[in-house]
Amino acid sequence: MTEHTYDSRAEFAAEMDRREARNFESRFFKSDGTIYMDGNSLGLMSVDSEAALLRAADNFKRLGIGGWMSADPPWFTYAETLGAKMAGLVGAQSGEVIVTGSTTLNIHSLLSTFYKPRGSRTKLLMDELNFPSDIYAAAGHMRLLGRPEADLVLLQSRDDSTLDEDDIIGAFDDSIALVLLPSVLYRSGQLLDIERLTKAAHARGILIGFDCCHSAGAVPHRLHEWGVDFAVWCCYKYLNGGPGASAAVYVHQRHHSTPAGLPGWFGNDKATQFDMRPNFEQAGGAGAWQAGTPHIFSMAPIEGSLNIFAEYGIDNVREKSLRLTSYLMRLADDLPAEHGFTVITPREPHRRGGHIALTHPTESIRVNSCLKKRGIVPDFRFPNIIRLAPIALYNNFREVWQTVNAVREIMETREYLSESNDRDTVS
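None of the values given here were measured: they were computed from a predicted structure. (Residues numbered from 1 in each chain as written. Predicted model: local features only at pLDDT ≥ 70, side-chain atom pairs only at ≥ 80, totals over all residues. Heavy atoms only, no water.)

## Remarks on empty space enclosed by the protein
- Under the definition given, this model contains three cavities of 30 Å³ or more.
- The volume enclosed by the largest cavity comes to roughly 70 Å³.
- Every residue lining the largest cavity is listed: Gly 217, Ala 218, Tyr 238, Phe 309, Val 317, Ser 321, Gly 354, Pro 390, Ile 391, Ala 392 and Leu 393. (1 Å grid on protein atoms, 1.4 Å probe; cavity = no way out; pocket = protein on both sides within 12 Å on 5 of 7 lines; lining within 4 Å. Points joined across faces, edges and corners; volume = space filled by probe spheres on them.)

## Regarding the packing of helix α5 (residues 103-114) against helix α6 (residues 132-145)
- In contact at an axis separation of 9 Å, α5 and α6 are set at 40 degrees when each is read in the N-to-C sense. Classified by the interaxial angle, the pair formed by α5 and α6 is oblique. Crossing angle aside, the handedness with which α5 passes α6 is right-handed. Packed against α5, whose contacting residues are Thr 104, Ile 107, His 108, Leu 111 and Ser 112, the element α6 presents Ser 133, Asp 134, Ala 137, Ala 138 and His 141 at the interface. (Axes fitted to C-alpha atoms, helices over the stretch in contact; angles between N-to-C directions. Helix = DSSP H or I, 4+ residues; strand = E, 2+ residues; numbered from the N terminus. Parallel < 35°, antiparallel > 145°, perpendicular 65-115°, else oblique. Left-handed = near helix turned anticlockwise from the far one by under 90°. Contact = heavy atoms within 4.5 Å.)

## Details of the side chain of Asp 7
- When you line up the elements, Asp 7 lands in the segment before α1 (10-18).
- Looking at Asp 7, its side chain comes within polar contact range of the side chain of Arg 9, at 2.8 Å.
- Not counting chain neighbours up to four residues away, the residues in contact with Asp 7 comprise Phe 12 and Tyr 327. (Polar contact = N/O pair within 3.5 Å; in protein donor to acceptor, adjacent residues only side chain to side chain.)

## Focus on the pattern of salt bridges
- Inspection of the entire model under this criterion finds 31 salt bridges.
- Between Arg 196 and Glu 165 there is a salt bridge, with its nearest N and O atoms 3.7 Å apart. With Arg 196 in helix α8 (residues 194-203) and Glu 165 in helix α7 (residues 165-170), the pair connects residues that are 31 residues apart, well separated along the chain.
- Residue Arg 196 is classed as partly exposed on the basis of its relative accessible area of 35%.
- A salt bridge links Arg 277 to Glu 281, with the shortest nitrogen-to-oxygen separation between them at 2.5 Å.
- When its relative accessible area of 27% is taken as the criterion, Glu 281 is described as partly exposed.
- Connected via shared salt-bridge partners are Glu 15, Arg 18 and Arg 19. (Salt bridge = Lys/Arg side-chain N within 4 Å of Asp/Glu carboxyl O. Buried < 20%, exposed > 50% of the residue type's maximum accessible area, 1.4 Å probe, protein only.)

## With respect to the environment of Val 153
- Checked against the element boundaries, Val 153 lands in strand β4 (residues 152-155).
- If we ignore the near neighbours within four places in the chain, the residues touching Val 153 are Lys 123, Leu 124, Leu 125 and Met 126.

## Here we look at the sheet that holds strand β12 (residues 379-381)
- Within the open sheet, the four strands sit side by side as β9-β10-β13-β12. Their pairing is antiparallel. Looking at strand neighbours, the two that pair on one side only are β9 (342-343) and β12, the edges of this open sheet.
- Where β12 meets strand β13 (residues 385-388), three bridges bridge the pair, whose relative direction is antiparallel. The residue of β13 that forms the bridge with Arg 381 is Ile 385. (Pairing = 2+ DSSP bridges.)

## Some words on the nonpolar core
- Residues Met 86, Leu 124, Phe 172, Trp 233 and Leu 393 are the most contacted members of the largest nonpolar core, which totals 94 residues.
- The leading source of residues in this core is helix α10 (residues 296-312), at eight residues.
- Setting aside chain neighbours within four positions, we find Trp 233 in contact with Met 86, Val 90, Val 97, Thr 103, Cys 212, Cys 213, Ala 216, Leu 223, Leu 239, Ala 247, Ala 248 and Tyr 250.
- Residues Tyr 6, Leu 331, Ile 356 and Phe 397 belong to the second largest nonpolar core, which totals 33 residues. (Core = buried A, V, L, I, M, F, W, Y, C linked by side-chain atoms within 4.5 Å.)

Listed below in structure tokens is the structure:
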């Protein structure tokens, strides 16, 4: 969106929507009277996902245990099937992605595989702005290994919102054994330069992995080409797999012979898995990082969603996402200064993911509550961040305009004064 085309009137938003060549909104269940801006926390259900889930249930009903080999598609290789469908979204090669587990458990598995302190290289480098579950997993892993607390290094932010990539690279010294970073910072929406950071880490002999929960399905990646060692992501945000959807693991093919740190029977070579031998025979690809039996009903909606991505294209998703978030930021910039809002998401397209973080020094909780009562579903991160995610597949410019205009009205009428300053349990 260029400077000369921007217009803050509602008519401009309507015209932008009329220009959209492809519209997938009808493929998603959108409640009448509701504007859903929380797809960076939980994406909406699609018609395709519902159909895939119902098909899985029907297979279970008709086939029972026979579904492992006779379902459509067979459950026995479902994780590999979905991994192959998902690989293009993150720029992975065949066999490098598997759909399995949850993000936190997958982090435990990959740390068990790739964090190998030896000699002077004993430290795991993360950052203080990372999603807390990642840090919990890392700290727990350190305790299991009997490592000192000092071996978990959390890089500090200069502004409490973003990370300076020069600071990150500057921390890549001879004490670092492994780096684990977010691709997109969950609070501010900053997108890190994965390629640059990976190149810098490898130049210093350091392995590096990324938590891509806030980028997979919103931002195209080239994980294999960039040489990223491993990555994890969930499938319930931009990938619209539903609450509790199975997560995903990427492992670069050069590591496929590395012993999986937390092996289990579904990580065994498929050809001998049911021989039930006492010795683990590791599968040849990322499937080795499976452990227990796959959760079919938590995977089926992902299949439906991936079919939509295959039609729309991840590059098209990114292009529209950038236009929507640019428009949102411009509208937020037009809010009167006395309203007190600040956008903390980086302005440069190459430095932001799929959501915009809007802060207010004192009234974010109450404004967030007012938006919900108006039928607008935002996301809140304590203490003062309202996250808004206009999703390319099912949001439009009119909804972006209505959301920011609602914020304007809430402030002008002081509607927020009627709300409590206590946040909800789930926000």
